[in-house]
2 protein chains.
Amino acid sequence: MGEISNFEKVNLLEKANNIGKLFKYLEIGRLNGHVLNVLQAENRTLDFHFHEHSDELFYVIEGSFDLEFADGSATLSQGDMIIVPKGICHRPVCKSLVKCLLIELDGTLNKENTGGAYGGEFYDAKP
Amino acid sequence: MGEISNFEKVNLLEKANNIGKLFKYLEIGRLNGHVLNVLQAENRTLDFHFHEHSDELFYVIEGSFDLEFADGSATLSQGDMIIVPKGICHRPVCKSLVKCLLIELDGTLNKENTGGAYGGEFYDAKP
C-alpha cells in the first residue's frame, strides 16, 4: 500500500527527490485501479518486454531517457509523456539520471519487467 | 477522438500552450479507458460536483489553482498532483492562469460538470 492517502496533493519532484535510492518504486497514489509510482533511474537498460493487460504511461519529471520499440525509439525529456499501449514491446534505456512518473493498472509491474527492483527493494545498478 | 495516437510522445506544456483558448479541453491521450485532457483556465469557479464512477487526477503543468472540498481546500502549484476519489464533492477555483492535465474515466466529464466547456466549444469566461 502507498504511504499516502489518495486525497492529498503531492509534488512529483519532491516525491521523486525524497526516494533516496535509484530504481526504487515509490507509490504516490491510486486512480481507478491504477498505481502511480515515481522513481529515479540512471545508467540502466531494461530487457524488452510488454504488458498484456495494461497500457503504461511514462512522464518525465526531470532529466531524460530513451524508450526503445521494435521499430524505433523516442527520447523523452522533462515534461514529456508517452503512453505505451498494452501488447507493445518496449524497453526503457536510462543513461543519465532521470526522475519519472509511471501509471499502469495495479499488478502490471513485477520483478520480471522492472529488473527485480519492484517492491521497494534496493537494486544494485549494473550498467 | 483525440488528435494524436497514444503511441507518440507529447510535451504537456507545449500541448497546453497550443490550445489557444481558455476552458477548451484538448485530448492528448488515452490510458486503459481513461482520457487525458489538458486545458487552460483563468478567473473561473466551477460549481461543486462529484463524479460517481471515477476518481479524477489533476496535475498542474504551469500556474496554480485551488481545489475546494466540503471541509477544506488545497492550493496546487506547478508540479503538484492530486487525486480526488469518486464520490467526493469538489470544485476547482481558478484565479490566475493555470495549465492543467486531467485524467479520468472516459465519459466522466460533461457539460454539467465543466461549466459547459467540454466538447471543444469555446466558453466565454464569466467571472
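Whatever comes next refers back to the structure up there.
Source: prediction; values computed, not measured.

Participant: Tell me about the nonpolar core, and please be specific about residues and values.
Facilitator: The biggest cluster of nonpolar side chains holds 55 residues, and the ones touching the most others in it are C100 of chain A together with C100 of chain B. Each residue touching C100 of chain A, except ones within four places of it in the same chain, is listed here: V38, L39, F58, Y59, V60 and I61 of chain A.

Participant: Outline the sheet that holds strand β7 (residues 72-77) of chain A, supporting the account with residue identities and numerical values.
Facilitator: All names here are of chain A. One open sheet holds the four strands; their spatial order is β4-β9-β6-β7, and the pairing between them is antiparallel. In this open sheet, the two edge strands, each paired with only one partner strand, are β4 (44-45) and β7. Note that β4 and strand β9 (residues 90-94) share two bridges and pair antiparallel. Across the sheet, residue T45 finds its bridge partner in β9, namely V93.

Participant: Describe unusual backbone geometry, and please don't skip the residues or the numbers.
Facilitator: With a phi close to 65°, F23 of chain A is a non-glycine residue in the positive phi region. Here F23 of chain A is to be found in the loop between α1 (12-17) and β2 (26-31). One non-glycine residue, N32 of chain B, lies in positive phi territory at about 50°. Structurally, N32 of chain B is set in the loop between β2 (26-31) and β3 (34-41). Of the residues examined, N32 of chain B has 21 C-beta atoms within 10 Å and is grouped as buried.

Participant: Requested: an account of the interface of chain A and chain B, with residues and values cited.
Facilitator: Across the contact, 24 residues belong to chain A and 24 residues belong to chain B. Elements that contribute at least two residues to the side of chain A that touches chain B include exactly β1 (10-11), α1, β2, β7, β8 (80-84) and β10 (98-105) of chain A. The leading source of residues in the side of chain A that touches chain B is β8 of chain A, at four residues. Its residues assigned to classes, the side of chain A that touches chain B comprises 15 nonpolar, six polar and three charged. With two bridges joining them, β1 of chain A and strand β8 (residues 80-84) of chain B adopt antiparallel strand pairing. Opposite N11 of chain A, over in β8 of chain B, you have D80 of chain B as the bridge partner.

Participant: If you had to explain the relation of the copies chain A and chain B to someone new, which residues and values would you point to?
Facilitator: Rotating chain A by 180° and translating it 0.0 Å along the rotation axis places it on chain B, where the RMSD comes to 0.0 Å. With respect to symmetry, the two chain copies, as superposed, fit the operation of a two-fold axis. By residue overlap, the copies meet face to face through one surface: 100% of the interface positions of chain A are interface positions in chain B.

Parameters at a glance
- Residues numbered from 1 in each chain as written.
- Chains lettered and ligands numbered in written order.
- Predicted model: local features only at pLDDT ≥ 70, side-chain atom pairs only at ≥ 80, totals over all residues.
- Core = buried A, V, L, I, M, F, W, Y, C linked by C-beta atoms within 7 Å.
- Buried ≥ 20, exposed ≤ 12 C-beta atoms within 10 Å, placed from the backbone.
- Contact = placed C-beta atoms within 7 Å.
- Pairing = 2+ DSSP bridges.
- Helix = DSSP H or I, 4+ residues; strand = E, 2+ residues; numbered from the N terminus.
- Nonpolar A, V, L, I, M, F, W, Y, C, P; charged D, E, K, R; others polar.
- Least-squares fit on C-alpha atoms with pLDDT ≥ 70 in both.

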